[in-house]
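Listed here are the chains, written in short residue letters.
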Amino acid sequence: MPPPRRAALGLLPLLLLLLLPPAPKAANKPTPCQRCRGLVDKFNQGMVDTAKKNFGGGNTAWEEKTLSKYEFSEIRLLEILEGLCESSDFECNQMLEAQEEHLEAWWLQLKNEYPDLFEWFCVKTLKVCCLPGTYGPDCLECQGGSQRPCSGNGHCSGDGSRQGDGSCRCHAGYQGPLCADCMDGYFSSLRNETHSFCTACDESCKTCSGPTNRDCSECEVGWVLEEDACVDVDECAAETPPCSAAQFCKNVNGSYTCEECDSSCVGCTGEGPGNCKECIPGYSRELGQCADVDECSLAEKACVRKNENCYNTPGSYVCVCPDGFEEAEDACVPPAEAEVTEEESPTQPPAHEDL
């Protein structure tokens with residue numbers, strides 16, 4: 001049996017693992033299609049950047065005649081390829097190294113026949129992408145067709161990639177397998193064989209046939225049907241107030257909020273000290289609102305001890321002895337050294353020395 005010390009040391013790596021912070025989650029890596037599209041986008045940008053260049057020598061006419069035009073030259077291709085990947089982008093450089101021959105073949109032989117590099121390279125050659133409006137391993141058409149997937153009102157799952165199932169994820173307001181139907185809270189403002197548009201109902205409608213509160217088929221919660229229109233319910237007017245005694249009710253469309261009364265109020269009907277039902281102690285109603293009472297200015301003194309100072313505070317007051325004075329039971333007593341100064345002591349005669 002190993003000694004206890006060895007057993008404890010064996011637990012040390014486990015304890016260290018438990019104490020270490022969790023490893024950060026790896027960022028979502030780009031899909032093969034995204035990498036291919038990124039490479040093609042940079043290639044196309046390289047073509048734009050080199051469009052007005054030439055061989056750079058002194059006799060451009062001779063160079064173009066002898067070496068072929070720069071526009072279709074291998075020199076231009078090399079310049080484009082050199083600018084595709086940052087030196088630190090390992091995955092880009094790895095993909096470029098693996099596919100450089102394909103890009104060279106397209107540039108020198110196939111560019112005129114297949115002018116769309118993305119379609120030739122990513123879709124037909126590498127087979128990592130699909131054309132817009134198609135999805136999955138076989139690039140099938142999305143729901144609703146490749147021209148207007150999901151009726152133009154949603155996103156096709158896997159659109160343009162070799163992934164997904166082609167189903168529709170509808171935009172707000174739309175529903176159904178082709179995103180051609182309107183959700184509750186929306187009405188169909190246009191619908192024909194090719195297009196469907198849904199527009200939001202008035203906020204008072206749960207369902208509707210038009211844009212106003214008179215077009216509601218059913219009122220939303222917080223509204224009630226009156227005279228063929230959905231109108232807001234004033235919850236604050238209910239017999240039993242929905243808010244606490246220290247709050248006031250504020251009606252909003254379809255609902256209400258409870259707001260705190262002013263700090264000077266005992267109950268209130270609205271915001272601020274002018275809407276108090278009653279005033280808290282230390283406040284009194286002046287000019288229609290609860291205002292602080294200055295107890296220190298009243299005819300009857302609030303601070304009754306001798307030499308005491310009164311200081312008003314919101315809703316109350318404090319009694320304080322002046323600086324240097326000492327508190328006694330019924331007065332603020334002056335400092336001891338001041339008392340000695342005021343009372344002149346008799347001069348004592350010098351003591352006689354014994355002879």
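Along each chain, residue indices are assigned from 1 in the same order as the chain's sequence is written. Given that this is a predicted model, residues contribute local features only at a pLDDT of at least 70 and side-chain atom pairs are listed and counted only at 80 or more, while totals for whole chains, interfaces and linings are drawn from all residues. Side-chain descriptors were evaluated using all non-hydrogen atoms of the structure, hydrogens and water having been removed beforehand.

Trainee: Explanation requested: the state of the cysteines in the structure shown.
Mentor: Here a disulfide denotes one covalent bond, and it connects the sulfur atoms of two cysteines. The disulfide criterion used throughout: a pair of cysteine sulfur atoms within 2.5 Å. Under the counting rule described, the total for this entry stands at 19 disulfides. A sulfur-sulfur separation of 1.8 Å characterises the disulfide bridge that pairs C205 with C216. Measuring handedness by torsion sign, the sulfur bridge of C205 and C216 sits at about -65° and is left-handed. One end of the pair, C205, is in strand 9 (residues 205-208); the other, C216, is in strand 10 (residues 216-219), with 11 residues separating them in the sequence. Helix numbering and strand numbering both begin at the N terminus, where a helix is a DSSP run of H or I of at least 4 residues and a strand a DSSP run of E of at least 2.

Trainee: I keep staring at the packing of helix 2 (residues 32-49) against helix 4 (residues 74-82) and nothing clicks. Help me out?
Mentor: The axes of two packed helices give the description: the angle between them and the distance between them. Helix axes use the C-alpha atoms of the stretch in contact, all axes being lines fitted to C-alpha atoms, and the angles between their N-to-C directions lie in the range 0 to 180 degrees. At a minimum axis separation of 9 Å, helix 2 and helix 4 run at an interaxial angle of 130°. In terms of their interaxial angle, helix 2 and helix 4 are classed as oblique. Judged by the twist between their axes, the crossing of helix 2 over helix 4 is right-handed. Residues F43, G46 and M47 of helix 2 pack against R76, L77, I80 and L81 of helix 4. Amino acids are sorted into nonpolar (Ala, Val, Leu, Ile, Met, Phe, Trp, Tyr, Cys and Pro), charged (Asp, Glu, Lys and Arg) and polar (every other residue, Gly among them). Taken together, the residues that form the contact of helix 2 with helix 4 break down as five nonpolar, one polar and one charged. When an angle is under 35 degrees it counts as roughly parallel; over 145 it counts as roughly antiparallel; between 65 and 115 it counts as roughly perpendicular; any other value is oblique. Note on convention: near helix rotated counterclockwise from far helix by under a right angle means a left-handed crossing. Clockwise means right-handed. Contacts: residue pairs with any heavy atoms within 4.5 Å of one another.

Trainee: Is there a simple way to think about helix 5 (residues 90-110) in this case?
Mentor: How far a helix is expected to stretch is found by multiplying one less than its residue total by 1.5 Å. Between the first and last C-alpha of helix 5 there are 28 Å, a value that for 21 residues agrees with the 30 Å anticipated at 1.5 Å per step. Bend is computed residue by residue as the angle between axes fitted to the seven residues ending at the residue and the seven residues starting at it. Along its length, helix 5 reaches its greatest deviation from straightness, about 60°, at Q99. Note on classification: 1.4 Å probe, protein chains only; a residue is buried when its accessible area is under 20% of the maximum for its type, exposed when over 50%, partly exposed between these limits. Of the residues making up helix 5, those classed as buried are C92, M95, L96, Q99, L103, W106 and W107. Against the buried residues of helix 5 lie helix 2, helix 4 and helix 6 (117-125).

Trainee: Which parts of the structure should I look at to understand a negative patch on the surface?
Mentor: By definition, no residue in a patch forms a salt bridge, and every one has over 30% relative accessible area; like charges are joined within 9 Å, nonpolar side chains (Val, Leu, Ile, Met, Phe, Trp, Tyr) within 5 Å. For every accessible area listed, the method is Shrake-Rupley and the probe measures 1.4 Å; residues are considered covered only by the protein chains on display. Between Lys or Arg on one side and Asp or Glu on the other, a salt bridge is scored when a side-chain nitrogen of the former is within 4 Å of a carboxyl oxygen of the latter. Under this rule, positive means Lys or Arg and negative means Asp or Glu; His and the chain ends count for nothing. Where a charge sits is defined by one atom per residue type, namely NZ (Lys), CZ (Arg), CG (Asp) or CD (Glu). Side chains of E74, E97, E100, E101 and E104 sit close together on the surface and give a patch of like negative charge. A total of four residues in the negative patch trace back to one element, the largest contributor, which is helix 5. Relative to the assigned elements, E74 resides in helix 4. Accessibility expressed as a relative area gives 51% for E74, which makes it exposed.

Trainee: What is the right way to look at the environment of G210 in this model?
Mentor: Mapped onto the fold, G210 is located in the loop between strand 9 and strand 10. Relative accessible area serves as the criterion here: at 4%, G210 is assigned to the buried category. For the pair G210 and S189, spaced 21 residues apart in sequence, the C-alpha to C-alpha distance is 7.9 Å. If near-sequence neighbours (up to four positions away) are discounted, G210 is found in contact with F187, C201 and D215.

Trainee: Can you walk me through the packing of helix 5 against helix 6 in this structure?
Mentor: Two elements in contact, helix 5 and helix 6, have axes whose closest approach is 11 Å; the angle formed by their N-to-C orientations is 130°. For the element pair helix 5 / helix 6, the angle class is oblique. As for how helix 5 packs across helix 6, the hand of that crossing is right-handed. Between helix 5, through M95, Q99, H102, L103, W106 and L110, and helix 6, the contact on the second element is made entirely by L117, W120, F121 and T125. Classifying every residue of the contact of helix 5 with helix 6 by side-chain character gives seven nonpolar, three polar and no charged.

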